[in-house]
Amino acid sequence: MNHARALRAAVTIAVTGVLAAGMAMTLSTAASAGTTLGASAAEKGRYFGAAVATGKLSDNTYVTVLNREFNSVVAENEMKWDATEPQQGRFSYTGGDRLVSHARANGMSVRGHTLLWHGQQPGWAQGMSGSALRSAAINHVTQVATHFRGQIYAWDVVNEAFADGGGGGRRDSNLQRTGNDWIEAAFRAARAADPGAKLCYNDYNTDGINAKSTGVYNMVRDFTSRGVPIDCVGFQSHLGTTIPGDYQANLQRFADLGVDVQITELDVMTGGNQANIYGTVTRACLAVSRCTGITVWGVRDCDSWRGSDNALLFDCGGNKKAAYTSVLNALNAGGTTPSPTTPPPGPGGCSASVSLNSWTGGFVATVTVTAGSSGTNGWTVSMTLPGGASVTNTWSATASGSTGAVRFTNVDYNGRLGAGQVTEFGFQGNGSGAGLTPTCSAS
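About the cut-offs
- Residues numbered from 1 in each chain as written.
- Predicted model: local features only at pLDDT ≥ 70, side-chain atom pairs only at ≥ 80, totals over all residues.
- Heavy atoms only, no water.
- Helix = DSSP H or I, 4+ residues; strand = E, 2+ residues; numbered from the N terminus.
- Buried < 20%, exposed > 50% of the residue type's maximum accessible area, 1.4 Å probe, protein only.
- Areas by Shrake-Rupley, 256 points an atom, 1.4 Å probe, with all protein chains shown as cover.
- pLDDT = per-residue confidence, 0-100.
- Contact = heavy atoms within 4.5 Å.
- Pairing = 2+ DSSP bridges.
- Axes fitted to C-alpha atoms, helices over the stretch in contact; angles between N-to-C directions.
- Salt bridge = Lys/Arg side-chain N within 4 Å of Asp/Glu carboxyl O.
- Core = buried A, V, L, I, M, F, W, Y, C linked by side-chain atoms within 4.5 Å.
- Polar contact = N/O pair within 3.5 Å; in protein donor to acceptor, adjacent residues only side chain to side chain.

1. Looking at the overall build of the chain
Thought 1: Within the chain one finds twelve helices and 17 strands.
Thought 2: In the chain, which comprises 443 residues, the proportion classed as buried is 59%.
Thought 3: Accessible surface, the chain as shown: approximately 15,700 Å² in total, 49% of it carbon and sulfur.

As structure tokens, then:
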């Protein structure tokens, strides 16, 4: 995002009020007292993440807080267009790969940010237009999403494509001038390249019900009605000293379209209301069943793009602030469960259900595992693939076999489930996944 411009706009538009295939998360049917942000969020079936600059992974205080508190990460800059394709057709994934590696080593999911944006384009793209730019942009989406295929929980496919102001229309940019269907084309290319990832649209100053958020809402409603592959909407939530009074209602109206909502870049100006606003955002997410997670834009105050605003949950020494306590208390108070389609707990052992995203010649299966009354120390899900079908890629589980009768076993971070807790894993396959019937056994 364009941080300096977004901050000015976010503070200006603030309205007074009182008011995360990737890594599998677990949820509890009753709230419990988690001791870290990530652990407490996971108990509610959600993630709590942070934006990371890989250059700071050598800072011991930074890494200590990151690894202890968060179960999701997003790259501040390492996956943007200028970083991943500095010269046309020549791709560089060093920073993104380093972040993914760190996440995997620490049991974190990864949000991808961002495939297309009018900002931080490499110089060669800034000088292009028309069909040449469209072709280059779609190729960029395809190449980057393919490189990270199976490793990203959710992609911000398109970032900040709507204009500020009262019209609710699209932002004028070189991408927009390639044709009004450029966003749709980007989402279709991303789905083809990484069918297991959730695909999000992300923007700022859309936190309340206003002309800009309604413009985004209308686009999402159109996409879902026509089958354009969009799974989620990201709300940056760079907040000043107030929060829109209809913040939760705005999240809910998007969720009612059948997409997930995520708080993607949260930070709040310091002051007497900071802790209250952080708590309000957290409670709003927990109250909306399709709000899957929250990401703060940075780890400590001195890592934030907002400088003296001291807008994050930890001070420069890594100490927890009042805002941290407000968030953790809100997480521990609980909220709605994140998936109305989660199967009920079995009487013992575990149960499993599967949902499919299919296309001609292939499919992605998302499998939900639910622990019974005895909980699990580990689990195995078995299913028989139709003739001609085969498993080509698996995440958050280990597959035994690729055709016919296939068994999927938990990995190290998602085998132990308390009574009623759930976790998810997924796999991609060739052929048809129609008629899959999973069975679960627990240890």
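What follows picks up the thread again.
2. Some thoughts on the confidence of the model for the chain
Should the pLDDT be low somewhere, the predicted coordinates at that spot are not to be read in detail.
Thought 1: Looking at the chain as a whole, its pLDDT mean stands at 88, while 90% of the residues score no less than 70.
Thought 2: Between residues 4–32, whose pLDDT stays under 50, and residues either more than four places distant or in other chains, the model counts 99 contacts.
Thought 3: Counted against residues more than four places away or in other chains, residues 339–347, with its pLDDT under 50, gives 18 contacts.

3. Brief notes about the pairing of strand S15 (residues 405–409)
Thought 1: Burial of S15 is one-sided: the residues Val406 and Phe408 facing one way are buried, the residues Ala405, Arg407 and Thr409 facing the other way are not.
Thought 2: Of the pairings in the sheet, the one linking strand S12 (residues 379–384) to S15 comprises five bridges and is antiparallel in character. Note that in S15 the partner of serine 382 across the bridge is arginine 407.
Thought 3: Across three bridges, strand S14 (residues 398–400) lies against S15 in antiparallel orientation. Within the sheet, the bridge partner assigned to threonine 398 lies in S15 and is threonine 409.

4. Describing the sheet that holds strand S11 (residues 362–371)
Thought 1: One open sheet holds the four strands; their spatial order is S10-S11-S16-S13, and the pairing between them is antiparallel. A single partner strand is all that each edge strand has here, and the edge strands are strand S10 (350–359) and strand S13 (390–395). Strand-to-strand twist of the sheet, defined as the mean angle between neighbouring strand axes without regard to direction, takes the value 25°.

5. Brief notes about the pattern of salt bridges
Thought 1: Overall, the coordinates contain 19 salt bridges when judged by the stated rule.
Thought 2: Residues arginine 68 and glutamate 69 are paired through a salt bridge, measuring 2.8 Å at the closest nitrogen-oxygen approach.
Thought 3: Overall, the relative accessible area of 1% leaves glutamate 69 in the buried class.
Thought 4: Here the salt bridges do not stand alone but share partners, grouping Lys56, Asp59, Arg300 and Asp303 into one network.

6. A word on the nonpolar core
Considering soluble globular proteins, one finds that nonpolar side chains tend to be buried as a cluster.
Thought 1: Phe48, Leu66, Phe70, Trp155, Val158, Phe187 and Leu313 are the most contacted members of the largest nonpolar core, which totals 90 residues.
Thought 2: Of the residues forming this core, the biggest block, seven residues, is contributed by helix H8 (residues 182–193).
Thought 3: Residues within four places of tryptophan 155 in sequence aside, it is in contact with Met79, Gly112, His113, Leu115, Val144, Ala145, Phe148, Asp194, Ala197, Lys198, Leu199 and Cys200.
Thought 4: In this structure, Ala365, Trp379, Ala397 and Val406 belong to the second largest nonpolar core, which totals 21 residues.

7. Focus: the side chain of glutamate 69
Thought 1: Inspection of the secondary structure assignment puts glutamate 69 in helix H3 (residues 60–69).
Thought 2: One polar contact links glutamate 69 to arginine 68, side chain to side chain, over a distance of 2.8 Å.
Thought 3: Apart from residues lying up to four places away in sequence, glutamate 69 is in contact with Thr36, Leu37, Gly38, Phe314, Lys320 and Tyr324.

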